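# Notes for the structure review
Listed below are the residues making up each chain.
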Amino acid sequence: MQQRMVTKGLSRAGSAPHNRCFRSARPAIKPCVRVCASATNGNGKSHASHPSAAETARTIVDIVSEGTLSTLNADGFPVGSPVSYTIDKSGQALVTLNKDTLEMQNLASNSRCSLTVQPTSFPARAVASVTLMGKIDVADKAESQFQFEVEKALYYGGLDQSAKVQELGAADFWAAEPDVLRKFAPELVKSWNEDRAEDIYRIVSHHLQVPLTEMTYAELLWVDRLGMYVRSEVTGREPEVVRVPFYRAVLDERDVRSVITMASQIAWEAERPYNPPLPSIFTDLQQQQQPTTRTTPHAAAATKINKQQRLSGAHVWQQQQQQQQQQGPITQGSRSYCC
């Protein structure tokens, strides 16, 4: 278990030092998720808060290279065999099969089969799993790779907490595009949890509208082009997996880093409301537009007396200076001094 201590202060300028602990260890929590319906982009238009089941299924199939191929033997029983596969340029799965194996014999008798795919390591393993159902034609045994003809797919959600399996038609499955961040997501998750855990705390705190001091735990689990999943704990609440949508769909790895950094900055500014001073030109306009105040008779009289006193004092000083000049220099001993 790894913990990250932030003891010198917050990463933003002007923040006060503190002894807050931003942990990146994974505790055991109940499968609870909070997902927003949509997010708003800079133009006021809304987009989906998370990828569709077909998009996630395509992503899983694309980032994994091995699975369990289930075929039917002569007695009609399903037999699972570990196999590897690749994705060609057209997006089709090519399963690698060795000659004279049990699965090759079963496929020669009955080409119907299924291929179950799930990432083997975290964080991708928690995203979802997929079962492709279709046929493999092994008539040409000279080949070592055979195309898997998908007829439908079964999607088992993970982080999106899809309790029920979803069946996807072949057309919907192939029409979907894999996520643009699928190759970079594991490194992004690791980088943010280890180096910028405080940003994740702030973003979730702002998203849930709770003070940062009430956030006891936050860990980035997965990121895609539309948002990110974060495991969080808030004082007085049940632990949950929170879906934080981006304000727009990201384009690539560099873009998602920029968007997450911006989200952290927005959360930081919301914590510390700051109203910058207006430029002098606007201040002058405000002063000109202020209505003139009426002066009461007593205030006017007091102002007049003060002005007369200032004038009389200046007049007395001028008379004293003139008298000293008329008297000439003051002589003391052998020296003369001019006043």
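Residues numbered from 1 in each chain as written. Predicted model: local features only at pLDDT ≥ 70, side-chain atom pairs only at ≥ 80, totals over all residues. Heavy atoms only, no water.

### Observations concerning the pairing of strand β14 (residues 227-234)
- Among the eight residues of β14, eight are classified as buried, and the element is accordingly described as predominantly covered.
- Residues of β14 alternate between two faces, with G227, Y229, R231 and E233 on one and M228, V230, S232 and V234 on the opposite face, all of them buried.
- Here strand β13 (residues 215-224) hands over to β14 after two residues, the two strands then running antiparallel side by side.
- Taken together, the six bridges between β14 and strand β15 (residues 240-245) define a ladder with antiparallel strand orientation. Looking at the pairing, G227 lines up with P245 of β15.
- Adjacent in sequence and paired antiparallel, β14 and β15 are bridged by five residues, among which G236 carries a positive phi angle near 85 degrees. (Buried < 20%, exposed > 50% of the residue type's maximum accessible area, 1.4 Å probe, protein only. Helix = DSSP H or I, 4+ residues; strand = E, 2+ residues; numbered from the N terminus. Pairing = 2+ DSSP bridges.)

### Things to note about empty space enclosed by the protein
- All chains considered together, the criterion is met by one cavity of 30 Å³ or more.
- Roughly 30 Å³ of internal volume is contained in the largest cavity.
- If you trace the largest cavity, you find it lined by R58, V61, D62, I87 and G91.
- At three residues, helix α1 (residues 53-63) tops the list of elements feeding residues into the lining of the largest cavity.
- Split by residue class, the lining of the largest cavity holds two nonpolar, one polar and two charged. (1 Å grid on protein atoms, 1.4 Å probe; cavity = no way out; pocket = protein on both sides within 12 Å on 5 of 7 lines; lining within 4 Å. Points joined across faces, edges and corners; volume = space filled by probe spheres on them. Nonpolar A, V, L, I, M, F, W, Y, C, P; charged D, E, K, R; others polar.)

### Focus on the pattern of salt bridges
- Inspection of the entire model under this criterion finds 12 salt bridges.
- A salt bridge links K152 to E167; the shortest N-O distance between them is 3.9 Å. Taken as a pair, K152 in strand β11 (residues 145-157) and E167 in strand β12 (residues 166-169) lie far apart in primary sequence, 15 residues in all.
- Of the charged contacts in the structure, one is a salt bridge between R202 and E198, with a shortest N-O distance of 3.1 Å. Linking R202 with E198, this pair stays in helix α5 (residues 197-208), spanning four residues, or about one helical turn. As far as burial versus exposure is concerned, R202 and E198 are alike and both buried.
- One continuous salt-bridge network, built from bridges that share partners, spans D62, R182 and K183. (Salt bridge = Lys/Arg side-chain N within 4 Å of Asp/Glu carboxyl O.)

### Here we look at the packing of helix α4 (residues 185-195) against helix α6 (residues 253-271)
- The interhelical angle for the contact between α4 and α6, taken along N-to-C directions, is 30 degrees, at an axis separation of 12 Å. Put simply, α4 runs roughly parallel to α6. Of the two elements, α4 crosses α6, and the hand of that crossing is right-handed. For the pair α4 and α6, contact is made by L188, S191 and W192 and by E253, V256, R257, I260 and T261, respectively. (Axes fitted to C-alpha atoms, helices over the stretch in contact; angles between N-to-C directions. Parallel < 35°, antiparallel > 145°, perpendicular 65-115°, else oblique. Left-handed = near helix turned anticlockwise from the far one by under 90°. Contact = heavy atoms within 4.5 Å.)

### Focus: unusual backbone geometry
- With an omega of 10 degrees, the peptide bond between F122 and P123 qualifies as cis.
- Unusually for a residue other than glycine, D100 sits at a positive phi of about 60 degrees.
- Assessed through its relative accessible area of 73%, D100 is described here as exposed.
- The backbone of Q209 sits at a positive phi, close to 60 degrees, despite the residue not being glycine.
- Mapped onto the elements of the fold, Q209 is located in the loop between α5 and β13.
- Q209 sits in the exposed class, given a relative accessible area of 62%.

By themselves these figures say nothing about function.
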